[in-house]
Amino acid sequence: MTAADTATPQTLSAARRITGVALASASGVAVAVQSRINGELGVRLDDGFAAAVVSFGTGLLLLLVLVPATPGGRRGLAATRRALRTGTLRPWQCLGGMCGAFLVATQGLTIGTLGVAVFTVAVVAGQTGSSLAVDRAGIGPTGRQPITRQRLAGAVLTVLAVGLAVGDRLGEPGALALALLPLLAGVGIAWQQAVNGRVRAAADSALTATLVNFSVGTVTLLVTFAIDIAVRGWPGGHLPTEPWLYLGGPIGIVFIAIAAAIVRFTGVLLLGLATIAGQIVGAVLLDLILPTAASHPGVNTLLGAALTMVAVLIAALAPPARRRESRV
């Protein structure tokens with residue numbers, strides 16, 4: 001058994017690993033693009049919740065066509081129902097889409113003020129810190145994972161990176177307070193990934209797990225949007241005519257599909273590291289190449305983004321002894 005474990009990494013060619021890392025990084029850039037799209041859509045609609053409903057809704061419509069049309073998707077739906085009926089999968093483990101809904105709503109609510117770079121650094125900070133607690137609690141499919149000093153150092157360094165990135169906004173209390181929303185969204189991402197992993201394992205289908213995620217998220221957003229309308233009235237904006245503003249949902253689907261396809265070549269840690277690195281680089285490039293009125297990334301933002309990449313690297317690289325402990 002030990003020989004098989006050590007042989008597996010050797011059978012994976014360097015070319016496949018490099019290709020997997022490149023695809024993961026590209027998907028991370030796509031997430032940054034999604035943030036910009038949903039942020040712009042929120043500005044056009046004059047309502048971040050409305051933009052989130054549109055983004056999640058378009059993704060859900062696509063999945064409602066794709067999943068029943070594929071044999072794997074149909075088998076996944078049947079397996080998910082069986083798992084829920086037998087108790088192998090708990091109902092609360094299907095609620096990861098609520099965190100995804102909060103993230104997408106946060107994109108529409110804050111990016112117009114914060115810019116993509118500060119938004120992304122805040123999300124990564126919350127995600128890195130929360131992943132320590134999620135691993136320790138054993139919420140994900142891999143079970144309990146100890147908090148090592150290396151991972152804790154990475155989490156602390158990431159929080160410091162966020163402080164550096166938003167340091168030039170200290171004179172703007174409103175903008176700084178808004179940074180707490182993507183920070184909380186990042187906290188939810190770690191839990192979402194853990195429970196979605198449980199759904200994917202039960203369904204044996206990433207596409208089915210994605211459908212569950214989008215279904216729960218869309219329902220959550222519709223309820224929130226209804227409350228928003230009751231309190232503030234109908235949004236003052238209007239649906240834009242540019243097709244690219246409706247690509248947020250499809251980008252989310254593609255991101256999950258790429259991750260499911262290449263994880264066997266990269267491993268989970270390398271996949272997550274490459275994805276986050278691509279996300280941060282993409283966010284900074286967007287703010288530099290296609291700036292908005294709010295994006296104007298300064299030196300502190302660029303240094304904070306670079307420091308976040310270093311912190312994620314430290315947090316992601318677990319010591320080899322960690323796996324031996326989990327097997328005993």
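From a predicted model like this one, the values you see are computed outputs, not experimental measurements.

So, the environment of Gln34
You can see Gln34 is positioned in helix 2 (residues 14-45). Classification of Gln34 as buried rests on a relative accessible area of 11%. As for Gln34 and Ser55, which are separated by 21 residues in sequence, their C-alpha atoms are 9.3 Å apart. The residues contacting Gln34, other than those within four sequence positions of it, are Gln107, Gly248, Ile251 and Gly252.

Focus on the pattern of salt bridges
For the structure shown, the criterion picks out 4 salt bridges. When the shortest N-O distance is used, the salt bridge between Arg44 and Glu242 registers 3.1 Å. Here Arg44 is found in helix 2, whereas its partner Glu242 is found in the loop between helix 10 (206-232) and helix 11 (248-266), with 198 residues between them in sequence. Among the ionic pairs, Arg232 bridges to Asp228, the shortest N-O distance being 2.9 Å. Remark: Asp228 and Arg232 occur in helix 10; sequence separation between them is 4 residues, near one turn of the helix. Arg232 gets classed as exposed once you look at its relative accessible area, which sits at 56%.

Considerations on helix 5 (residues 96-114)
With 19 residues, helix 5 should reach 27 Å at 1.5 Å per residue; the first-to-last C-alpha distance of 26 Å fits that figure. Where helix 5 bends most, the angle comes to about 35 degrees, and this point is Gly108. Buried residues dominate helix 5, accounting for 14 of its 19 residues. Backbone geometry just downstream of helix 5 places Gly115 in the positive-phi region, at approximately 85 degrees.

Reading the values: rules and limits
Residues numbered from 1 in each chain as written. Predicted model: local features only at pLDDT ≥ 70, side-chain atom pairs only at ≥ 80, totals over all residues. Heavy atoms only, no water. Helix = DSSP H or I, 4+ residues; strand = E, 2+ residues; numbered from the N terminus. Buried < 20%, exposed > 50% of the residue type's maximum accessible area, 1.4 Å probe, protein only. Contact = heavy atoms within 4.5 Å. Salt bridge = Lys/Arg side-chain N within 4 Å of Asp/Glu carboxyl O. Expected span 1.5 Å × (residues − 1). Bend = angle between axes of the 7 residues up to and from the residue.

All we've got here are geometric facts, nothing functional implied.
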